[in-house]
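# Residue-level structural notes
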Amino acid sequence: MILTDARQRVVSYLRISVTDRCNLRCLYCSAQEQAFIPHPEILRYEELLEVIALARSLSIGKVRFTGGEPFARRGFPEFVAEVLARFPDLDARVTTNATLIGPHLAFLRGQGLSRLNISLDTLDPATFARVTGRDLFPQVWENIQAALDLGFRVKINAVAMKGVNDGELGAFLDLARSRPLDVRFIEFMPMGGSDWSPEAVWTAGEILEAAQKLADLAPLPRNSADQGPAQVYSIAGGQGRFGLISPLTNHFCGTCNRLRLTADGHLRTCLFSDKVYRLKGILRHPRLGAEQLRKVLLLAGARKPLGHEILEKRARGRGVCGTSMSAIGG
Ligand code: SAM
């Protein structure tokens, strides 16, 4: 059976947050104090395996583990290894801030993990400390190099923020030129918990215009080369690529193929909607089983918003999601 929505978009991608806790306090994500989900409410790894098995039996072919910071949860590397072993044909990936991953890199590569998205908004250690609240740039830098040396395919994601990293475009382009990795800027979204303001938004259009003055960029066909919602450009003479993700100025709802599962078992069908489908009660119920889980997944898929409501709200200038990315799973 295939998970589709009302427009027959096939839902094939599940992002799973394994924790809402993070060791960083990024100003675009968790600048404002938030209460953490109590431990008993967090889905256990066995429960996540149950959800993945079911999702796999529908049309989900790709899973990304995220958080909070996934490596802040005990046992995460072993859990990823278990997933890779149990579902060898699943495209499993990890998103991380790369502060804690160092000791686990070789193990994960050995288990077959090959792709990492690394969030890094600045190449300047002082700005890193200002954005994240932690002075950990050297560790991140070392771990990116180690990941490349081990043969991971690495994408660096930077939230584009005026007054924060808009002076670093050249440095990021140099990084993508000199290393075999993708650098992608994502527009700053008005999520709950963030220090968002319209003045801080550095749009994809503005970034592209500035980048074209600094590098010879050629657009790659959209949705080719594993680029997800990003518009990706090759860089003349470069080893890596450059990309732009524009949820604000050029939304990609029409091709959205994803569902999100929060750490406490809420299935979300759209980043900008607070509507949730609660899976934990089903997973923990003594009699409700896989069949009920399947029904809820199919229902959530069928009711996936087409995007209009969200865009209308945004047009009225309202923050549209009450929850932070650390709680939803970025
Ligand atoms: N800790 C992991 C990491 O750093 O990649 C995974 C989760 S973190 C919440 C994922 C990412 O979501 C952030 O690094 C950032 O790229 C993105 N994000 C969070 N809040 C955002 C916002 N307000 N606008 C744009 N992107 C945001």
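Here's what I pulled together on the structure shown here.

Each value, and the rule that gives it
Residues numbered from 1 in each chain as written. Predicted model: local features only at pLDDT ≥ 70, side-chain atom pairs only at ≥ 80, totals over all residues. Heavy atoms only, no water. Helix = DSSP H or I, 4+ residues; strand = E, 2+ residues; numbered from the N terminus. Rg over C-alpha atoms; globule rule 2.2 N^0.38 Å. Buried < 20%, exposed > 50% of the residue type's maximum accessible area, 1.4 Å probe, protein only. Contact = heavy atoms within 4.5 Å. Areas by Shrake-Rupley, 256 points an atom, 1.4 Å probe, with all protein chains shown as cover. Lys, Arg positive; Asp, Glu negative; His and termini not counted. Charge placed at Lys NZ, Arg CZ, Asp CG, Glu CD. Axes fitted to C-alpha atoms, helices over the stretch in contact; angles between N-to-C directions. Parallel < 35°, antiparallel > 145°, perpendicular 65-115°, else oblique. Left-handed = near helix turned anticlockwise from the far one by under 90°. Nonpolar A, V, L, I, M, F, W, Y, C, P; charged D, E, K, R; others polar. Core = buried A, V, L, I, M, F, W, Y, C linked by side-chain atoms within 4.5 Å.

This brings us to the overall build of the protein. Of regular secondary structure, the protein possesses eleven helices and twelve strands. Relative to the compact-globule value of 20 Å for 330 residues, the protein shows a C-alpha radius of gyration of 19 Å, a close match. Dimensions along the principal axes, computed over C-alpha positions, put the protein at roughly 60 × 45 × 40 Å. Across the 330 residues in the protein, those meeting the buried criterion constitute 54%. Counted over contacts in the protein with a minimum sequence separation of 6, partners at least 24 positions apart contribute 74%. Carbon together with sulfur atoms contributes 53% to the accessible area of the protein, which is approximately 14000 Å² in total. If you average the places of the 42 positive and of the 33 negative side-chain charges in the protein, the two averages end up 6 Å apart.

Inspection of the secondary structure puts arginine 64 in strand β2 (residues 62–66). Excluding its chain neighbours within four sequence positions, the residues that come into contact with arginine 64 are Tyr13, Leu14, Arg15, Ile16, Arg93, Val94, Thr95 and Asn117.

Let us look at the packing of helix α1 (residues 45–57) against helix α2 (residues 76–86). Across the interface, α1 lies against α2 with an axial gap of 11 Å and an inter-helix angle of 30°. Between α1 and α2, the angle is such that the two are roughly parallel. Note on packing geometry: the crossing formed by α1 with α2 is right-handed. Facing α1, whose interface residues are Tyr45, Leu48, Leu49 and Ile52, α2 presents Phe76, Phe79, Glu82, Val83 and Arg86. By residue class, the composition of the contact of α1 with α2 is seven nonpolar, no polar and two charged.

Before going further, it helps to examine the nonpolar core. Nonpolar side chains tend to gather and get buried jointly when the protein is soluble and globular. Counting residues in each nonpolar core, the largest one holds 102 residues, and the members touching the most others are Leu14, Phe65, Phe79, Phe185 and Phe242. Top contributing element to this core by residue count: α1, with seven residues. For phenylalanine 65, the contacting residues outside a window of four places in its chain are Ile16, Val18, Ile52, Pro70, Phe76, Phe79, Val80, Val83, Arg93, Val94 and Thr95.

All we've got here are geometric facts, nothing functional implied.
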